[in-house]
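Structure assessment
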Amino acid sequence: MEVAVRVRPTPGVVAASVDADGCLELHAAYTTGAGAGPDSGSGSGSAGGSAGGSAAGSGRFRCGPVGTAMWLLLRRHDGDAEIAAGMLAELWNTAPENARADLDIWVEEMRDAGLLCVQPAP
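Model, not experiment: these values are computed from the prediction. (Residues numbered from 1 in each chain as written. Predicted model: local features only at pLDDT ≥ 70, side-chain atom pairs only at ≥ 80, totals over all residues. Heavy atoms only, no water.)

**As for unusual backbone geometry**
For residues that are not glycine, phi is negative in most cases, and the peptide bond is trans in most cases. Let me state the cut-off plainly: Each helix corresponds to a stretch of at least 4 residues labelled H or I by DSSP, and each strand to a stretch of at least 2 residues labelled E; elements are numbered beginning at the N terminus.
Here the phi dihedral of Asp-78 falls at roughly 55 degrees; this positive angle occurs in a residue that is not glycine. Mapping Asp-78 onto the fold places it in the loop between α1 (65–76) and α2 (81–92). The residue Asn-93 is not glycine, and still its phi comes out positive at about 55 degrees. By the secondary structure assignment, Asn-93 is in the loop between α2 and α3 (96–112).

**Some thoughts on empty space enclosed by the protein**
This is how it is decided: Here a cavity means grid points, on a 1 Å grid over the protein atoms only, where a 1.4 Å probe fits yet cannot get out; a pocket means an open set of points with protein on both sides within 12 Å along at least five of seven lines; lining residues are those with an atom within 4 Å of a point. Grid points are joined across faces, edges and corners, and a volume is the space filled by probe spheres set on the points.
On inspection of all chains with the given rule, the structure shows one cavity of 30 Å³ or more. Forming the boundary of the largest cavity are Val-7, Arg-8, Pro-9, Trp-71, Leu-74, Arg-75, Trp-106 and Leu-116. Breaking the lining of the largest cavity down by element, the ones donating at least two residues are β1 (5–9) and α1.

**A word on α2**
For clarity, the cut-off: Each helix should span, by expectation, one fewer than its residue count multiplied by 1.5 Å. Classification of residues uses two cut-offs on accessible area relative to the type maximum, computed with a 1.4 Å probe and protein chains only: under 20% is buried, over 50% is exposed, and between them is partly exposed. This arc describes the spread of directions from the helix axis toward the C-beta atoms. In this analysis, two residues are considered to be in contact whenever any of their non-hydrogen atoms come within 4.5 Å of each other. Within 3.5 Å is the distance limit for a polar contact, defined as a pair of N or O atoms, with the added protein rule that one can donate a hydrogen and the other accept it, and that residues adjacent in sequence qualify only through two side-chain atoms.
When the terminal C-alpha atoms of α2 are compared, their 16 Å separation across twelve residues agrees well with the 16 Å that a helix rising 1.5 Å per residue should span. For α2, the full list of buried residues reads Ala-81, Ala-84, Ala-85, Leu-88 and Ala-89. Seen end-on, α2 carries its buried residues on one side only, within an arc spanning 140 degrees. Turned more than 90 degrees from where α2 packs its buried face, Glu-82 and Glu-90 sit exposed. In this structure, the buried side of α2 is in contact with β1, α1 and α3. Near the N-terminus of α2, the side chain that reaches the backbone nitrogen of Glu-82, with its oxygen 3.0 Å away, is that of Asp-80. Residue Asn-93 follows α2 closely and has a positive phi angle near 55 degrees.

**Comments concerning the packing of α2 against α3**
The cut-off we apply is this: Lines fitted to the C-alpha atoms define the axes, with helices restricted to the stretch that makes contact. Angles between their N-to-C directions range from 0 to 180 degrees. To sort the angles, those under 35 degrees are grouped as roughly parallel, those over 145 as roughly antiparallel, those from 65 to 115 as roughly perpendicular, and the leftovers as oblique. For a crossing to be left-handed, the near helix must be turned anticlockwise from the far one by less than a right angle; the clockwise case is right-handed. Ten residues, namely Ala, Val, Leu, Ile, Met, Phe, Trp, Tyr, Cys and Pro, are considered nonpolar, four, namely Asp, Glu, Lys and Arg, are considered charged, and the remaining ones, Gly among them, are considered polar.
Two numbers describe how α2 lies on α3: the axes approach to 8 Å, and their chain directions differ by 120 degrees. With respect to each other, α2 and α3 are oriented oblique. Every pair of crossing elements has a handedness; the one defined by α2 and α3 is right-handed. Taking contact as the criterion, the partners of Ala-81, Glu-82, Ala-84, Ala-85, Leu-88, Ala-89 and Trp-92 in α2 are, on α3, Pro-96, Ala-99, Arg-100, Asp-102 and Leu-103. Of the residues in the contact of α2 with α3, the class split is nine nonpolar, no polar and three charged.

**Things to note about the side chain of Arg-8**
Summarising the element assignment, Arg-8 is placed in strand β1. At 2.8 Å, the side chain of Arg-8 and the side chain of Asp-78 are in polar contact. Polar side-chain contacts of Arg-8 include one of 3.1 Å to the side chain of Gln-119. Once you skip the residues sitting within four places of it in the chain, Arg-8 turns out to touch Asp-78, Gly-79, Leu-115, Leu-116, Cys-117, Gln-119 and Pro-122.

**Points about the pairing of strand β3 (residues 24–28)**
Basically, it comes down to this: Only strands that DSSP links by at least two bridges are regarded as paired with each other.
Summarising burial for β3: four of the five residues are buried, a large majority. Pairing of strand β2 (residues 13–18) with β3 involves five bridges; the strand directions are antiparallel. Its bridge partner lying in β3, Val-13 is registered against Ala-28. Hairpin remark: β2 followed by β3, antiparallel, with five residues in the connecting loop; positive phi at Gly-22, about 80 degrees. Bridge analysis of β3 against strand β5 (residues 60–63) gives four bridges, and the strand direction is antiparallel. By the bridge assignment for β5, Leu-26 is matched with Phe-61.

And the structure:
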């Protein structure tokens, strides 16, 4: 039996802004990992930019429009990846399992960077 979980920002991580190009800037109280940011070379289904993000300076991270959409939908749906993936599938006109796979890859990149954590659902 699968345990329900929620994807949440790591404590100390806040969304600072979304610019006109749809890029989200995150601020973190600390950084982790060798690159201190999600792998900007990931091709997780994005067009015109990475689904992950890149370090924009000490404790600052920038997500492209795809990563921004993932962040916003996870936040809007209380960290429920299944609901967020369903919404992404509708937006992208793709199969839900493809959207979920892309979301899962992005979440792992963000977890590796210390920006997201997974917690048991209430």
